[in-house]
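Each chain is listed here by its residues.
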Amino acid sequence: MIKHGKLINLTVIILALTLLVTIGVTTSGHSTFFEGTGFGNIVAPIQKVFYSVGQIFSNSFESLFSISKIREENNQLKEELYKIRDENLDMKRIINNSEALKLEYEIIQNMQYDYVKSRIISRDPGNWFGRFTIDKGSSDGVKPDDIVIEAIATDEGVAKIGLVGKVTDVGYNWAKVIAINDINSSVSFNVVRNNESGVLKGKIDGIIEGYFFSMTEDLRIGDEVVTSGLGEVYVPNLFIGKISKIEKTSDLLTEEITVEPAINFEKLFEVYIIKVSR
Amino acid sequence: MKKTAWLFAIMILCFILQSSIIHFFRINGVAVNLVLVVLIVVSLQTNELVGASCGILVGILWDVFYTSGFGINTLILMLIGFVSGKLSERVYKADFLTNLYFTVLGTVFYHFIFFIIHYFLKLEASSILYMGKSIIIEMVLNIMILYPVYRVKGYFLRKYKVKY
């Protein structure tokens with residue numbers, strides 16, 4: 001007869017070993033193991049309510065703290081407004097011929113996809129990875145590998161589309177999303193200005209780094225980066241962000257870039273899911 | 001039995017709060033780990049059986065929703081709950097400092113095991129250097145939230161005259 005205490009010890013050891021094996025088995029590929037269970041379907045609606053409450057809190061806190069800065073900001077903005085009015089005429093002329101318009105046109109062309117509007121209901125509680133869940137699932141036709149994007153307003157007032165990530169697992173009324181700055185995510189990209197292409201990967205500290213397939217000659221900080229569609233996960237010409245840093249690799253032949261995403265991943269709330277038929 | 005059911009409900013509530021509201025109050029991109037703190041306080045007050053099962057419960061929820069490989073958080077939280085429950089017989093658990101030591105050690109233990117497992121799952125070894133600052137910030141935040149959690153625990157114990 002084994003004693004009560006010993007039994008618990010034994011169970012914990014066996015469970016620990018089993019879990020270690022499970023980690024190894026489930027990590028390669030999608031963890032579809034638990035999709036059939038009703039776990040997520042019950043918890044997801046509750047999380048949705050709490051997440052909305054959190055959003056309200058966060059916004060009101062921000063406005064509370066910013067009151068003291070408002071006057072200072074107001075003066076600065078007035079000055080800036082006059083300056084910008086002058087520049088505006090010149091800018092209009094420039095924009096007509098620039099890449100920005102071309103990019104926007106391409107994006108509009110690509111919005112023929114069927115999409116679902118969705119809200120983020122919770123985020124990975126840990127501090128290591130950037131994953132979150134959304135409130136649309138298989139009941140709305142969301143499938144694994146669907147693309148998640150966000151509409152954003154830039155300085156020029158153009159509502160471009162920014163890439164957020166892709167859906168990895170789908171439940172009945174919720175889905176897991178992996179962001180492009182997650183360490184397990186990689187995206188093939190194109191530089192809009194000169195069509196150089198390569199692969200972007202997330203880093204542990206939340207930045208996005210990329211390398212090129214071949215030698216590149218003409219790269220500038222601020223170049224716009226879009227998805228290239230290679231690999232057939234992401235559709236082509238989704239806006240990712242701008243190059244913020246260029247570094248030579250150790251062999252001095254190719255370059256490594258850091259991309260500043262168009263999206264603030266900390267403040268995501270509403271996203272769109274593009275349904276791609278593959 | 002009824003007491004344990006309440007504890008499970010509290011753990012689930014903490015998990016929901018953790019994944020929804022708490023990340024709006026990130027400092028330097030780091031969120032406090034409420035689940036871990038509450039788990040340690042609960043395990044210290046009860047025994048290893050309750051501690052381990054609370055850890056498993058929250059760990060499973062965490063893994064189902066957010067982890068690509070199932071089991072990492074379940075394993076770590078189960079071990080933390082088990083060990084704090086086991087040691088609770090030998091320490092003076094009513095003392096705040098005991099809870100504080102366990103929280104500090106628990107935070108370090110969590111990230112250490114997390115890193116070890118992910119190292120074998122092809123994570124770069126240098127990532128621990130990036131994470132070092134975050135871990136320290138998280139530890140400070142955990143200690144800050146431990147005090148209210150500890151007081152709430154004391155309040156419940158006195159109000160409902162619960163004995164463990």
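Rules of the game
Residues numbered from 1 in each chain as written. Chains lettered and ligands numbered in written order. Predicted model: local features only at pLDDT ≥ 70, side-chain atom pairs only at ≥ 80, totals over all residues. Heavy atoms only, no water. 1 Å grid on protein atoms, 1.4 Å probe; cavity = no way out; pocket = protein on both sides within 12 Å on 5 of 7 lines; lining within 4 Å. Points joined across faces, edges and corners; volume = space filled by probe spheres on them. Helix = DSSP H or I, 4+ residues; strand = E, 2+ residues; numbered from the N terminus. Nonpolar A, V, L, I, M, F, W, Y, C, P; charged D, E, K, R; others polar. Buried < 20%, exposed > 50% of the residue type's maximum accessible area, 1.4 Å probe, protein only. Contact = heavy atoms within 4.5 Å. Buried area = accessible area lost by both parts, 1.4 Å probe. Salt bridge = Lys/Arg side-chain N within 4 Å of Asp/Glu carboxyl O. Polar contact = N/O pair within 3.5 Å; in protein donor to acceptor, adjacent residues only side chain to side chain. Pairing = 2+ DSSP bridges. Phe/Tyr/Trp six-rings, centres within 6.5 Å; stacked < 30°, edge-to-face > 60°.

Take the layout of surface pockets next. Any empty space left between atoms is shown by rolling a water-sized probe over those atoms. All names here are of chain B. A volume near 740 Å³ is recorded for the second largest pocket. Here the element with the most residues in the lining of the second largest pocket is helix 6 (residues 127-160); it accounts for five residues. Per-class residue counts for the lining of the second largest pocket are 16 nonpolar, 11 polar and 10 charged.

So, about the environment of Ile76 of chain B. Residue and element names in this part refer to chain B. Mapped onto the elements of the fold, Ile76 is located in helix 4 (residues 72-87). Accessibility expressed as a relative area gives 0% for Ile76, which makes it buried. Sequence spacing of Ile76 and Gly55 is 21 residues, and the spatial spacing of their C-alpha atoms is 8.0 Å. Not counting residues within four places of it along the chain, the set of residues in contact with Ile76 comprises Phe109, Tyr110, Ile113 and Phe114.

What follows concerns the interface of chain A and chain B. The extent of an interface is frequently quoted as the accessible surface area lost upon association of the parts. Listed by partner, the interface residues are 46 residues for chain A and 51 residues for chain B. In total, chain A and chain B occlude about 4,500 Å² of area from one another, counting both sides; carbon and sulfur atoms represent 74% of this. Linking chain A with chain B are zero salt bridges, by the criterion used here. Applying the counting rule to chain A against chain B returns two residue pairs in polar contact (both at pLDDT 80 or more). Elements supplying a minimum of two residues to the side of chain A that touches chain B: helix 1 (4-27), helix 2 (39-97), strand 1 (114-123) and strand 2 (131-134) of chain A. Top contributing element to the side of chain A that touches chain B by residue count: helix 2 of chain A, with 14 residues. Across the side of chain A that touches chain B, the residue classes break down as 24 nonpolar, 15 polar and seven charged.

Relative to strand 11 (residues 255-261) of chain A, strand 8 (residues 208-212) of chain A runs antiparallel, the two being bridged by four bridges. The residue bridging Gly210 of chain A from the neighbouring strand is Ile257 of chain A, located in strand 11 of chain A.

Residues and elements named next belong to chain B. One pass over the structure, following the stated rule, counts eight aromatic pairs over all chains. Ring plane angle 70 degrees and centroid distance 5.7 Å describe the contact between Tyr119 and Phe120, whose orientation is recorded as edge-to-face. Exposure remark for Tyr119: the relative accessible area of 44% places this residue in the partly exposed category. Relative accessible area serves as the criterion here: at 65%, Phe120 is assigned to the exposed category. Every member of this aromatic cluster is reached through a ring pair, and the members are Trp62, Tyr110 and Phe114.

None of the figures reported here should be taken as evidence of function without further support.
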